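# Topology and contacts: notes
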Amino acid sequence: MASLSSETIGLNLKKKQGNPRALFDTFWTAIASLCMIITLIPLFAVLIFVMIKGFARINLDLFTKLPPPPGLSEGGIANAIIGTFFTVGIGTAIAVPIGVLAAVYLSEFSGGNQVARWVRFATNVLSGVPSIIAGIFAYGLLVSTQIVGFSAIAGGVALSVLMLPTIIRTTDEALQIVPQDVRWAAFGLGAYNYQTVLKIVLPAAVPAILTGVTLSIARAAGETAPLIFTALFSNFWPKGLFEPIATLSVLVYNYAIVPFAPQQELAWAGSLILVLLVLITSVTARWVTRQKTY
């Protein structure tokens, strides 16, 4: 019986190996695996290159001192790190309430009316707008009119425009994932619509909403063009939210094109810090996604 079974299994394996459909599946599996490897090569090449160039300049001074004058090596990028947190924080404070409330309206109160369809369409269009357009918009709205001028506030507004589509779309999808039975159960207990949304639907969708927020923060942290038009740059410590402020992305852009080696090293160090910030936010988003949504 044992020998018969082994012979039967061997015959089945030979049939599968000679099956044209199995060979076709194996071929395309190999092609897909090769494409995946080719896709990962540039990613890891960039990461490894940035780490090699950036780690050479990582020290305590980098996080505690101002950028040095051209040609000098002693100094850091502490002001740019602080400025990045300021501008991204302002953008988050603006975009998150507006984006979440807009998504709540679209999912829970609009009833799929014409306004909701136009808002969703505008959100999709805005998500594909180049970042420099957001910078020009904020420049025309706040800087050229001298409402706030070049400042962290203007930079935060520009970043919030870029963050809004991601937050609205992810929050809208997160709210729609919550089972309809949960809402009906709340209505059956006598809860009003707003009570159901605030106390049941939104808490159930928080993990997915946080995912959208972290992804939008990761995108905003690496933007350069909007901040050139709004936050400008400064080689000094931040003086306030209504003054020009340094950011990591603009510092990398400015220092990467100068002929001085110390500044180029700071640009690589700033690039590494930006990559690590984006990596941390992306890993956080993946971790939050794994949490139970409802």
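Residues numbered from 1 in each chain as written. Predicted model: local features only at pLDDT ≥ 70, side-chain atom pairs only at ≥ 80, totals over all residues. Heavy atoms only, no water.

- Looking at an unreviewed UniProt entry, one finds the protein named Phosphate transport system permease protein PstA, with Rippkaea orientalis as its source organism.
- The protein has a UniProt comment under Sequence similarities (unreviewed entry) that states "Belongs to the binding-protein-dependent transport system permease family. CysTW subfamily."
- Of the comments in the UniProt record for the protein, the one headed Subcellular location (unreviewed entry) reads "Cell membrane". (UniProt positions renumbered as here; feature names shortened; annotations may be inferred.)

### With respect to the overall build of the protein
- Helices and strands together make up the secondary structure of the protein, namely twelve helices and zero strands.
- What you see for the protein is a C-alpha radius of gyration of 26 Å, clearly larger than the 19 Å of a compact globule of 294 residues, by over 25%.
- Counting only C-alpha atoms and orienting by the principal axes, one finds that the protein spans roughly 85 × 60 × 30 Å.
- The buried share among the 294 residues of the protein stands at 37%.
- Once local pairs closer than 6 in sequence are excluded, the contacts in the protein between residues at least 24 apart make up 73%.
- Accessible surface for the protein amounts to roughly 16700 Å². Of this, 72% is attributable to carbon and sulfur atoms.
- Counting 17 positive and 11 negative side-chain charges, the protein places the centres of these two groups 7 Å from one another. (Helix = DSSP H or I, 4+ residues; strand = E, 2+ residues; numbered from the N terminus. Rg over C-alpha atoms; globule rule 2.2 N^0.38 Å. Buried < 20%, exposed > 50% of the residue type's maximum accessible area, 1.4 Å probe, protein only. Contact = heavy atoms within 4.5 Å. Areas by Shrake-Rupley, 256 points an atom, 1.4 Å probe, with all protein chains shown as cover. Lys, Arg positive; Asp, Glu negative; His and termini not counted. Charge placed at Lys NZ, Arg CZ, Asp CG, Glu CD.)

### What to know about the nonpolar core
- Ile77, Leu202, Ile209 and Leu248 are the most contacted members of the largest nonpolar core, which has 46 residues in total.
- Those elements that provide at least two residues to this core are helix H4 (78-109), helix H7 (152-177), helix H9 (193-221), helix H11 (248-256) and helix H12 (261-289).
- Here the element with the most residues in this core is H7; it accounts for ten residues.
- Apart from the residues within four sequence positions on either side, Ile209 is in contact with Val100, Thr171, Ala174 and Leu202. (Core = buried A, V, L, I, M, F, W, Y, C linked by side-chain atoms within 4.5 Å.)

### Focus: H7
- Its 26 residues give H7 an end-to-end C-alpha distance of 36 Å, which sits within 8% of 38 Å, the value for a rise of 1.5 Å per residue.
- Taken as a whole, H7 carries its principal kink of about 35° at Met163; the proline Pro165 stands between one and four residues after it.
- Of all 26 residues in H7, 20 are buried; the element is thus mostly enclosed. (Expected span 1.5 Å × (residues − 1). Bend = angle between axes of the 7 residues up to and from the residue.)

### Overview of the pattern of salt bridges
- The tally for this structure, following the rule as stated, stands at five salt bridges.
- Here Glu265 makes a salt bridge to Arg57, at a shortest N to O gap of 3.7 Å. Here Glu265, found in helix H12, pairs with Arg57, found in the loop between helix H2 (20-55) and helix H3 (60-64); they are 208 residues apart in sequence, far enough to count as distant.
- Glu265 sits in the partly exposed class, given a relative accessible area of 39%.
- Across the pair Glu223 and Arg219 runs a salt bridge whose closest N-O atoms are separated by 3.5 Å. (Salt bridge = Lys/Arg side-chain N within 4 Å of Asp/Glu carboxyl O.)

### Looking at the UniProt feature "domain: ABC transmembrane type-1" (unreviewed entry) in the protein
- In the numbering adopted here, UniProt assigns the feature "domain: ABC transmembrane type-1" (unreviewed entry) to residues 81-285.
- Within residues 81-285, the helical portion is 78% and the strand portion 0%, while the C-alpha atoms at the span's ends are 22 Å from each other.

### Points about the packing of aromatic side chains
- All chains considered together, the criterion is met by six aromatic pairs.
- Ring geometry for Phe27 and Trp28: centres 5.2 Å apart, planes at 75°, overall edge-to-face.
- Overall, the relative accessible area of 48% leaves Phe27 in the partly exposed class.
- With centroids separated by 5.9 Å and ring planes inclined at 90°, the aromatic side chains of Trp118 and Phe121 adopt a geometry described as edge-to-face. Placement of both Trp118 and Phe121 in helix H5 (residues 114-127) is noted, with a separation of three residues, approximately one turn of the helix.
- Judged by its relative accessible area of 54%, Trp118 is exposed.
- Aromatic ring contacts, followed pair by pair, group Tyr139, Phe150 and Phe229 into a single cluster.
- Positioned above the aromatic ring of Phe236 is the side chain of Lys239, whose terminal nitrogen or guanidinium carbon lies 5.9 Å from the ring centre. (Phe/Tyr/Trp six-rings, centres within 6.5 Å; stacked < 30°, edge-to-face > 60°. Lys NZ or Arg CZ within 6 Å of the ring centre and 35° of its normal.)

### Some thoughts on the environment of Ile177
- In this fold, Ile177 is placed in helix H7.
- Ile177 sits in the partly exposed class, given a relative accessible area of 47%.

### Section: the confidence of the model for the protein
- Across the protein, the average pLDDT comes to 85, with 91% of residues at or above 70.
- For the protein, helix H1 (residues 2-18) is the element with the lowest average pLDDT, namely 51, and helix H10 (residues 225-230) is the one with the highest, namely 93. (pLDDT = per-residue confidence, 0-100.)

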